[in-house]
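Listed below, chain by chain, are the residues.
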Amino acid sequence: MTTYGVLLFEDVEELDFTGPWEVFMVSAMLREYQDRAVLIAERTDPIRCVNGMRVLPDHTFDDHPSLDVLLVPGGQGTRLQVHNPALVDWIRTTSAGVSWTAGVCTGAFLLHKAGLASGRRITTHRLFHESLQARGDVTVVTGSRYVVDGNLVTSQGISAGIDMALWLIGALHGRDHARRVREHMQYEPAPPYLADEPDVR
């Protein structure tokens, strides 16, 4: 059984956590629900995400199950939450007991505040590379969608969390399993309107 804990807070970026959540739950389905994922917040109140989605946490900081993986998403809410001792202390304490800690986008700032990024290579949304580097005692990698350093894995902005989550389940359950998850999700990015795409009209 692998238990994934996904942190929530006000003004969290939706895809930062719903993208990895989909990866974790498709993985659980293909493993005949040997695994589970839970949403965790400081309180039981509905969480309002940055784009208006409202989400109900499954657990609070005080009553969640033992975790194997902790996912810390980003979003505008991280600007406030870096000053929330309860949340930062919970990240620090919880990470000490998990196999993997993962950060998406500006969730890296929460990981940094909790001391988990000290001396490590991490990444974040491209708009925040310089401000994260300026916080010191960290090496911000700008050229990779996700970065692994020990048992800490971080990703660039928003959709990059899906790539990171696929890598993570591959590390946990094997590359072939991760490929099956990707195929089930039909995750084969081919975005329109690329800068170098010819006009085909």
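What counts, and at which threshold
Residues numbered from 1 in each chain as written. Predicted model: local features only at pLDDT ≥ 70, side-chain atom pairs only at ≥ 80, totals over all residues. Heavy atoms only, no water. Axes fitted to C-alpha atoms, helices over the stretch in contact; angles between N-to-C directions. Helix = DSSP H or I, 4+ residues; strand = E, 2+ residues; numbered from the N terminus. Parallel < 35°, antiparallel > 145°, perpendicular 65-115°, else oblique. Left-handed = near helix turned anticlockwise from the far one by under 90°. Contact = heavy atoms within 4.5 Å. UniProt positions renumbered as here; feature names shortened; annotations may be inferred. Buried < 20%, exposed > 50% of the residue type's maximum accessible area, 1.4 Å probe, protein only. Pairing = 2+ DSSP bridges. Core = buried A, V, L, I, M, F, W, Y, C linked by side-chain atoms within 4.5 Å.

- The chain carries the name Transcriptional regulator GlxA family with amidase domain in an unreviewed UniProt entry, which gives Nocardia kruczakiae as its organism.

1. Concerning the packing of helix α1 (residues 14-30) against helix α6 (residues 160-173)
Right, on to step 1. Closest axis-to-axis distance for the α1/α6 pair is 8 Å, and the angle between their directions is 30°. Classified by the interaxial angle, the pair formed by α1 and α6 is roughly parallel. Crossing angle aside, the handedness with which α1 passes α6 is right-handed. Contact residues: G19, P20, V23, F24 and S27 in α1; G161, I162, A165, L166, L168, I169 and H173 in α6.

2. Here's the deal with the UniProt feature "domain: DJ-1/PfpI" (unreviewed entry) in the chain
Right, on to step 1. UniProt records the feature "domain: DJ-1/PfpI" (unreviewed entry) at residues 6-168, using the numbering of this structure.
Right, on to step 2. The distance from the first to the last C-alpha atom of residues 6-168 is 14 Å, and the span holds 33% helix and 23% strand.

3. A few points about unusual backbone geometry
Right, on to step 1. Even without a glycine there, the phi angle at E32 is positive, about 55°.
Right, on to step 2. Its location among the elements puts E32 in the loop between α1 and β2 (36-41).
Right, on to step 3. A relative accessible area of 69% means that E32 is categorised as exposed.
Right, on to step 4. Unusually for a residue other than glycine, D137 sits at a positive phi of about 55°.
Right, on to step 5. Here D137 is to be found in the loop between α5 (129-133) and β9 (138-140).
Right, on to step 6. Residue classification places D137 among the exposed residues on the basis of a relative accessible area of 51%.

4. Description of the pairing of strand β7 (residues 100-104)
Right, on to step 1. In terms of residue burial, β7 counts as a mostly covered element, since five of its five residues are buried.
Right, on to step 2. Across the two faces of β7 the burial is the same, with W100, A102 and V104 and T101 and G103 all buried.
Right, on to step 3. For strand β6 (residues 69-72) and β7, the ladder comprises four bridges, and the chain directions are parallel. Its bridge partner lying in β7, L71 is registered against A102.
Right, on to step 4. Judged from the four bridges that link them, β7 and strand β11 (residues 152-155) form a sheet pairing that is parallel. When the sheet's bridge partners are listed, G103 is paired in β11 with T154.

5. Considering the nonpolar core
Right, on to step 1. The biggest cluster of nonpolar side chains holds 56 residues, and the ones touching the most others in it are L7, L8, F17, F24, I91 and I169.
Right, on to step 2. The biggest single contributor to this core is α6, with six residues.
Right, on to step 3. Once you skip the residues sitting within four places of it in the chain, F24 turns out to touch Y4, V6, A37, A165, L168 and I169.

6. A short note on the sheet that holds strand β5 (residues 59-60)
Right, on to step 1. If you walk across this open sheet you meet the seven strands as β5-β2-β1-β6-β7-β11-β10, and the pairing is mixed. Edge strands, defined here as strands with exactly one partner in the open sheet, are β5 and β10 (146-149).
Right, on to step 2. As judged from the three bridges shared by strand β1 (residues 3-7) and β6, these two strands associate in the parallel manner. Paired with G5 across the two strands is L70, which belongs to β6.
Right, on to step 3. Across the sheet, α1 is in contact with β1, β2, β6 and β7; its angle to β2 comes to roughly 150°.
Right, on to step 4. In this fold α6 packs onto β1, β6, β7, β10 and β11, with an angle of close to 165° to the strand it touches most, β7.

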